Every structure is written in C-alpha cells, then in structure tokens.
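Take a look at the letters that make up each chain.
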Amino acid sequence: MRGFHTVLRRSWPVLFLFNLVLISCHRDPLDVDVSSISVPPVKIMRYDEAFFSIDTNNIPASLDKLRKQFGPFSDGFVNNVVCSDAHDSISCDMAIRDFILSYDMRSAWKDSKNILGDQSALEAQITDAYRHFRYHFPKRDLPKAVYIDFTGFNYNILNIEGVYGIGLEFYLGKDNVIYDGLSDHFPGYIRRNCTKEYAVANFVRGWMMNEFPYDPPKNDLINKMVWEGKMMYLMKALLRNTPDSIITGYTAKQLSWCADNEAKMWATLIENKKVYSDNDEDLQHFTENGPFTPDFPRDSPGEAGNWLGLRIVEAYMARNPNVSLQQLMDQKDGSFILTRAKYKPKF
C-alpha cells in the first residue's frame, strides 16, 4: 500500500495535471435571503435543572410533574440515560436517586450548569438555523423543542421523538479537570472541541443526521465521505455566521493544511485504490475522528476524508447550480455525485 509520502515522491498521474474548474459565475447557493421566512422563535427550556430538583423522597410524583412540563422527552431521558436496564419502578427509582445524589455526577452538573451562558444567544442562532432550514426544506417539520440536559457524559445531543437535548457536560472547556478522569472518552482531539462555541453546531449536526440518515446504495468509502460532506454542507447552509473551524471541528492550522494538501490527499486515495473500498478499516481511518488521519501525514486532522467529501459536494453544487438542497439530499449515491462533480483538485 502506498502511503501519503510515497505518492508525493512519484510523478503525479496525468489525471491530476488538469486544474479544478472554478465556476465563479454562479452566486453562492447558500447565500439566501430568509428575512421573509417565519418560524416560531426558539425558547430553550432547562430540563437539567428540573431533573436535578427531583424530590428523591417522592420520585413518582416528581416524574409526573416532569412529564407534564417536558412531555415524552422526560420518560425518554429517564429510560435512555438513567435506568435503561431497570425494568421495574423500584429499580428505576433507585437508579434516579443514585444519579441525582451521586457526588461526582452532581458536582459535574454544578460545574457545567452555567457553562453555556446567555441562552438568548443560543436561541437566536437556532432560530436563524430554523429559518434557513424552512427556506431550503419547506415541507419538512422543525424540531418540536430544544432543551438543555445533563446525561452523565453519555449523549452530546439526545433526540426523543423530535425533541432535542443539548448535553451540558460536553462543553466544559478543553482544560477542565473533569475530563482528566475520563481520558479514555475525552482524548485531546475530542477535548479541543468541548467548548460552548460548538453547542449549536453539534445540535444542528445531530438534527441533520436524524433528518437525512446514512442510507447508501453501498457502504463504501465514497458514499461515507460524500454523506459526511453533505452533513457539513447542510451545517454551512443553516449556520451562515459560523466559521469553518466550528463546522468541521478542525483548527485553523488543520484547515489550512487541508487546503494546501487537497490534491495530494485525493491522489493518495486514488493511488491506493481506497475511493470505492468497502473495507471497514478504511471507512474508519478516513471518516472517523482521531488525532490524525491514517495514511496521511500526522499534520492532517482526523477524519480528513470527510473534508474531501465536503469539497466533492461543493464541486457538485457549483457545477449543477439548479440542484436544490432537497435534491442533493435525495441523491444517496456518492459515486453519482462524484462523477457529476468532475472533482479534480489542482496542485
């Protein structure tokens, strides 16, 4: 198998001597006017505060109160987060009590409960994302509600019947000592993005993953890369004032590296016959997070294949300006998009 550096040392195939055609005559299809789009203003509710206020001496009555206030989300939270293995009410009551009264859990919640700051800023960002979503997908429903929750480091974004919970504990800041004790789950490349600036972007990604789940004609690398690229493209469509570093999760240095090495990364995939690989290891290497992307230099970000997927999607949309976002998402064949994108990054 040829590595990234091996490919760099050999002569580039003729295929890659052609420059990527830049279609500059078309406006940015994501730059749309949503001033006339009406959506209900988002009001985020604090499920975490209500849950940690449960009267542990009368849990059934407290759960009834939560149901009335938060609907099915409350039972979904309890059953998926706190007592999924408890099948009777007594065991579940004990699990709820342990969760709430645990020193470590309660301390982590207290440390995180004010981390997101002014909710009005989050609400404004999400409301704007709703306007853009309604513009591009007028026939689709918006989320029923957005809550703030605390899942004990289990779920960054939780979806219960169209109601979304944003997990506070995932935004404590990369240097928070709580993550030191959870280093297996929060290595450095994960902790780097554990700041409040990522909360809305993570919510939008989780929402889009539920709206447009991965369902390819074949589970191979090109399909996974393009689907991940479409997820980022949607995030760019809905979060118009959000920098690419937040959309991708890459540092500015990593983004610059990707831009400088786009053609070389693509050439490596071509040379090593990875583009249409259905090997699980290849899919994991190029599309799942890590300190860097295997087969690429250590300066690369993890999951760099996803960034290539975004570039393929952008090339496809530039070459096909009449394709709507709905049509893009309806096309599930990544190889179809690749072919019609005429993707040939230049050196």
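Look a little higher up for the structure.
Everything quoted here is computed from the prediction, not taken from an experiment.

Student: What is the right way to look at the overall build of the protein chain in this model?
Tutor: Tallying secondary structure elements over the protein chain gives 16 helices and four strands in all. The globule rule puts the C-alpha radius of gyration for 347 residues at 20 Å, and the 22 Å found for the protein chain is close to it. With the principal axes as the frame, the protein chain shows a C-alpha extent of 75 × 45 × 35 Å. For the protein chain, the residues scored as buried account for 49% of the 347 residues in total. Sequence separation of at least 24 residues holds for 68% of the intrachain contacts in the protein chain that already meet a minimum separation of 6. For the protein chain, the computed accessible surface area is about 17,000 Å², with 48% contributed by carbon and sulfur atoms. Of the side-chain charges in the protein chain, 40 are positive and 44 negative, and the distance between the mean point of each set is 7 Å.

Student: What's the story with the environment of F212 in this structure? I'm lost.
Tutor: Positionally, F212 belongs in the loop between helix 9 (199-211) and helix 10 (221-238). In the structure, F212 is positioned 21 residues away from Y233 in sequence and 12 Å away in space, judged by C-alpha atoms.

Student: Quick question: what am I supposed to make of the environment of L308 here?
Tutor: Relative to the helices and strands, L308 resides in helix 14 (residues 304-319). Along the sequence, L308 and C258 sit 50 residues apart, while their C-alpha atoms lie 8.6 Å from each other. Each residue touching L308, except ones within four places of it in the same chain, is listed here: M225, E262, M265, W266, L269 and Y343.

Student: Is there a simple way to think about the pairing of strand 4 (residues 163-167) in this case?
Tutor: Within a regular strand, the side chains alternate between the two sheet faces. For strand 4, a buried count of five out of five residues is recorded, marking the element as mostly surrounded by other parts of the structure. Of the two faces of strand 4, the one lined by V163, G165 and G167 and the one lined by Y164 and I166 are each fully buried. In this structure, strand 2 (residues 145-149) lies alongside strand 4, joined through five bridges in parallel fashion. In the strand pairing of strand 4, Y147 is matched with G165. Here strand 3 (residues 157-160) pairs with strand 4 via four bridges, running antiparallel. Paired with I157 across the two strands is I166, which belongs to strand 4.

Student: It is not clear to me how the sheet that holds strand 3 should be interpreted in this structure. Could you clarify?
Tutor: Strand pairs in the sheet, formed through backbone hydrogen bonds, run parallel or antiparallel to each other. Taking strand neighbours across the sheet as the criterion, the four strands line up as 1-2-4-3 in an open arrangement whose pairing is mixed. Here the strands that pair on one side only, and so sit at the sheet edges, are strand 1 (45-46) and strand 3. The strands touched by helix 9 within the sheet are strand 2, strand 3 and strand 4, with strand 4 carrying the most contacts at an inclination of about 145°.

Student: When you look at the packing of helix 3 (residues 59-70) against helix 4 (residues 72-82) in this model, what are you seeing that I'm missing?
Tutor: For the pair helix 3 and helix 4, interaxial distance at closest approach is 6 Å and the crossing angle is 130°. By the angle between their directions, the pair helix 3 and helix 4 is classed as oblique. Between helix 3, through L63, L66, R67 and F70, and helix 4, the contact on the second element is made entirely by P72, F73, S74, D75 and V78.

Student: Teacher, can you tell me more about helix 7 (residues 119-136) here?
Tutor: Quick reminder: α-helices carry 3.6 residues per turn. Residues three or four places apart thus point the same way. Here helix 7 is 18 residues long and its end C-alpha atoms lie 26 Å apart, about the 26 Å a rise of 1.5 Å per residue gives. Within helix 7 the residues assigned to the buried category are Q119, L122, E123, I126, T127, A129, Y130, H132, F133 and H136.

Student: How do you make sense of unusual backbone geometry when you look at a structure like this?
Tutor: Positive phi, close to 65°, is recorded for F153, a residue that is not glycine. Of note, F153 is situated in the loop between strand 2 and strand 3.

Student: Where do I start with the state of the cysteines in this structure?
Tutor: In protein chemistry, a disulfide is the covalent bond that joins the sulfur atoms of two cysteines. In total, this model carries one disulfide according to the counting rule given. With its sulfur 2.0 Å from that of its partner, C83 forms a disulfide with C92. Take C83: its relative accessible area is 5%, and that puts it in the buried class. For C92, a relative accessible area of 10% translates into the label buried.

Student: What is the right way to look at the pattern of salt bridges in this model?
Tutor: Once their charged atoms are close, side chains differing in charge can pair, the charge on each being opposite to the other. Following the criterion strictly, the structure yields 15 salt bridges and no others. One salt bridge in this structure joins D28 and R240, with 3.2 Å as the shortest N-O distance. Linking D28 in the loop between helix 1 (4-9) and strand 1 with R240 in the loop between helix 10 and helix 11 (244-248), this pair joins segments that are 212 residues apart in sequence. Accessibility expressed as a relative area gives 37% for D28, which makes it partly exposed. Between D75 and R67 there is a salt bridge, with its nearest N and O atoms 2.9 Å apart. Looking at R67, the relative accessible area reads 33%, which means it is partly exposed. Here the salt bridges share partners, and the residues they tie into one network are R46, D48 and E49.

Calculation notes
- Residues numbered from 1 in each chain as written.
- Predicted model: local features only at pLDDT ≥ 70, side-chain atom pairs only at ≥ 80, totals over all residues.
- Heavy atoms only, no water.
- Helix = DSSP H or I, 4+ residues; strand = E, 2+ residues; numbered from the N terminus.
- Rg over C-alpha atoms; globule rule 2.2 N^0.38 Å.
- Buried < 20%, exposed > 50% of the residue type's maximum accessible area, 1.4 Å probe, protein only.
- Contact = heavy atoms within 4.5 Å.
- Areas by Shrake-Rupley, 256 points an atom, 1.4 Å probe, with all protein chains shown as cover.
- Lys, Arg positive; Asp, Glu negative; His and termini not counted.
- Charge placed at Lys NZ, Arg CZ, Asp CG, Glu CD.
- Pairing = 2+ DSSP bridges.
- Axes fitted to C-alpha atoms, helices over the stretch in contact; angles between N-to-C directions.
- Parallel < 35°, antiparallel > 145°, perpendicular 65-115°, else oblique.
- Expected span 1.5 Å × (residues − 1).
- Disulfide = S-S within 2.5 Å.
- Salt bridge = Lys/Arg side-chain N within 4 Å of Asp/Glu carboxyl O.

From the geometry alone we can't say anything about function, so treat these as descriptive.
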